[in-house]
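Examination of the molecular architecture
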2 protein chains.
Amino acid sequence: MQVIVPFATQAPKTRLDAVLSASERQDFARAMLADVLAAVRATGHEPRVLATGPIEVGVPVTVDERPLSEAVNAQLEAHLEGRSDADAVAVVMADLALATPAALERLFTEAGEVVFVPGRGGGTNAFVTRHPAFRVDYHGTSYLDHREIARAVGATASVVDSFRLATDVDEPSDFVEVLCHGDGRSRDFLVDAGFALETTDGRVTASRHSR
Amino acid sequence: MQVIVPFATQAPKTRLDAVLSASERQDFARAMLADVLAAVRATGHEPRVLATGPIEVGVPVTVDERPLSEAVNAQLEAHLEGRSDADAVAVVMADLALATPAALERLFTEAGEVVFVPGRGGGTNAFVTRHPAFRVDYHGTSYLDHREIARAVGATASVVDSFRLATDVDEPSDFVEVLCHGDGRSRDFLVDAGFALETTDGRVTASRHSR
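This report concerns the structure included in the present document. (Residues numbered from 1 in each chain as written. Chains lettered and ligands numbered in written order. Predicted model: local features only at pLDDT ≥ 70, side-chain atom pairs only at ≥ 80, totals over all residues. Heavy atoms only, no water.)

Often the size quoted for an interface is simply the accessible area lost on bringing the parts together. If you look at the interface, chain B gives 27 residues, while chain A gives 27 residues. Summed over both sides, the interface between chain B and chain A buries roughly 2,200 Å², with carbon and sulfur atoms accounting for 61% of that surface. Our count for the contact surface shared by chain B and chain A stands at four salt bridges. In this structure, Glu171(A) engages Arg203(B) in a salt bridge whose closest nitrogen and oxygen atoms are separated by 3.2 Å. Linking chain B to chain A there are twelve residue pairs in polar contact (both at pLDDT 80 or more). Those elements that provide at least two residues to the side of chain B that touches chain A are α3 (101–109), α4 (142–152), α5 (163–166), α6 (175–181), β8 (195–200) and β9 (203–208) of chain B. Ranked by residues supplied to the side of chain B that touches chain A, first place goes to α6(B) with four residues. Residue composition of the side of chain B that touches chain A, by class: ten nonpolar, nine polar and eight charged. (Contact = heavy atoms within 4.5 Å. Buried area = accessible area lost by both parts, 1.4 Å probe. Salt bridge = Lys/Arg side-chain N within 4 Å of Asp/Glu carboxyl O. Polar contact = N/O pair within 3.5 Å; in protein donor to acceptor, adjacent residues only side chain to side chain. Helix = DSSP H or I, 4+ residues; strand = E, 2+ residues; numbered from the N terminus. Nonpolar A, V, L, I, M, F, W, Y, C, P; charged D, E, K, R; others polar.)

And the structure:
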């Protein structure tokens with residue numbers, strides 16, 4: 001199975017700008033990428049990063065400057081189109097800081113011509129495709145759109161129900177999940193940056209304290 | 001297995017007050033409860049509602065006016081304490097609008113003296129206990145606290161990784177999940193109330209339109 005991890009090398013994670021500086025956002029995005037790559041490797045697969053620019057991450061990198069959907073579709077076309085012998089392609093987002101080998105194993109082994117992992121907010125956090133005609137469109141409620149695309153091309157679809165893989169880290173409130181459930185570099189980054197869980201009024205937040 | 005579903009009959013779901021009236025919040029809370037009860041029943045278990053006041057829901061109801069943790073602990077004590085022949089007790093929150101029989105089945109069949117389903121924001125959305133000394137404390141980051149309680153009483157713990165069961169519906173932003181992934185009364189309620197998915201600026205929200 002080909003496992004592709006798309007990654008934006010420039011100005012990643014802009015929705016975290018209220019709590020992290022530009023260089024911190026870059027470091028945090030790379031910590032999450034490293035966690036995702038380590039989890040993929042622990043399943044026995046060799047990941048490849050599909051990056052918008054050059055980057056050194058210890059695994060093969062393909063650079064494609066185009067927007068996410070175009071870049072991913074180019075990979076799907078190159079790999080699957082017209083080949084009945086092609087193995088499956090998995091696409092796993094780089095900000096799944098809670099990804100574990102066990103959760104990814106469920107994705108990689110689930111039956112279906114297209115297997116989806118929905119993310120919070122209507123997103124598609126990961127998928128596997130074994131169907132030559134399936135393509136992506138990450139805009140908006142991509143999960144619903146991707147189900148529709150799979151239906152339209154006649155692909156059988158299934159879904160992996162995982163909280164860990166549904167949790168992409170986009171906003172400061174998502175830090176709560178990383179602090180609660182993470183155990184890799186992403187969590188270390190947040191702890192080192194002074195973030196800690198705080199309970200106010202029954203709600204749990206991740207607050208930053210200078211050290 | 002005993003399956004207990006706690007439910008607050010008075011003024012439920014106050015964090016939805018910006019988008020739903022008091023009577024709508026009550027109706028929505030009951031729609032979610034009905035969805036959870038239906039999903040539990042479809043696994044072959046007979047749920048029991050642990051309510052803060054009298055309520056008619058078509059399943060047995062135990063009324064206990066005390067706060068959630070005390071009421072649940074009273075049930076655990078009554079059922080498990082000192083009995084080596086007692087079967088397991090499951091406690092499933094009433095606002096898991098995306099609960100499916102398949103997701104609950106994973107919880108009910110997972111091995112472990114205590115089996116947890118973490119919720120977003122550090123919560124504990126469901127658990128199964130087979131250990132006589134395990135007790136709950138739902139305040140704050142209850143998931144971490146419950147792991148610690150299990151450790152302290154010497155219970156083996158395991159975790160079920162489910163996005164559907166991790167999604168408790170507390171805030172308007174959670175409506176996106178119900179509209180995307182729900183297929184029961186909770187979703188029907190939101191659709192009938194005029195909520196629909198909307199994509200603005202790449203982010204998906206659930207907006208209310210009068211009909």
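All names here are of chain B. Between helix α1 (residues 22–42) and helix α7 (residues 185–192), the least distance of the axes is 7 Å, while the angle of their chain directions is 150°. With respect to their mutual orientation, α1 and α7 come out roughly antiparallel. Contact with α1, carried on its side by Glu 24, Asp 27, Phe 28, Ala 31, Met 32, Ala 34 and Asp 35, involves Arg 185, Ser 186, Phe 189 and Leu 190 of α7 and no other residues of that element. Residues of the contact of α1 with α7, tallied by class, amount to six nonpolar, one polar and four charged. (Axes fitted to C-alpha atoms, helices over the stretch in contact; angles between N-to-C directions. Parallel < 35°, antiparallel > 145°, perpendicular 65-115°, else oblique.)

Note on the identical chains: chain B maps onto chain A by a rotation of 180° and an axial translation of 0.0 Å, with an RMSD of 0.0 Å. Given the turn and translation reported, the copies of this chain are related as if by a two-fold rotation axis. By C-alpha distance to the rotation axis, the residue of chain B lying nearest is Phe163(B), at 1.9 Å. Both copies share a contact surface, since 100% of the interface residues of chain B are interface residues in chain A too. (Least-squares fit on C-alpha atoms with pLDDT ≥ 70 in both.)

Right, let's talk about the sheet that holds strand β5 (residues 114–118) of chain B for a bit. All names here are of chain B. One open sheet accounts for seven strands, arranged β3-β2-β1-β4-β6-β5-β7; its pairing is mixed. Lying at the two open borders of the sheet, with one neighbouring strand each, are β3 (61–63) and β7 (157–159). Neighbour-to-neighbour, the strand axes of this sheet turn through a mean angle of 20°, independent of strand direction. Two strands pair when backbone bridges link them, and β5 and strand β6 (residues 124–129) are joined in this way by five bridges, in the antiparallel orientation. Paired with Pro 118 across the two strands is Thr 124, which belongs to β6. (Pairing = 2+ DSSP bridges.)

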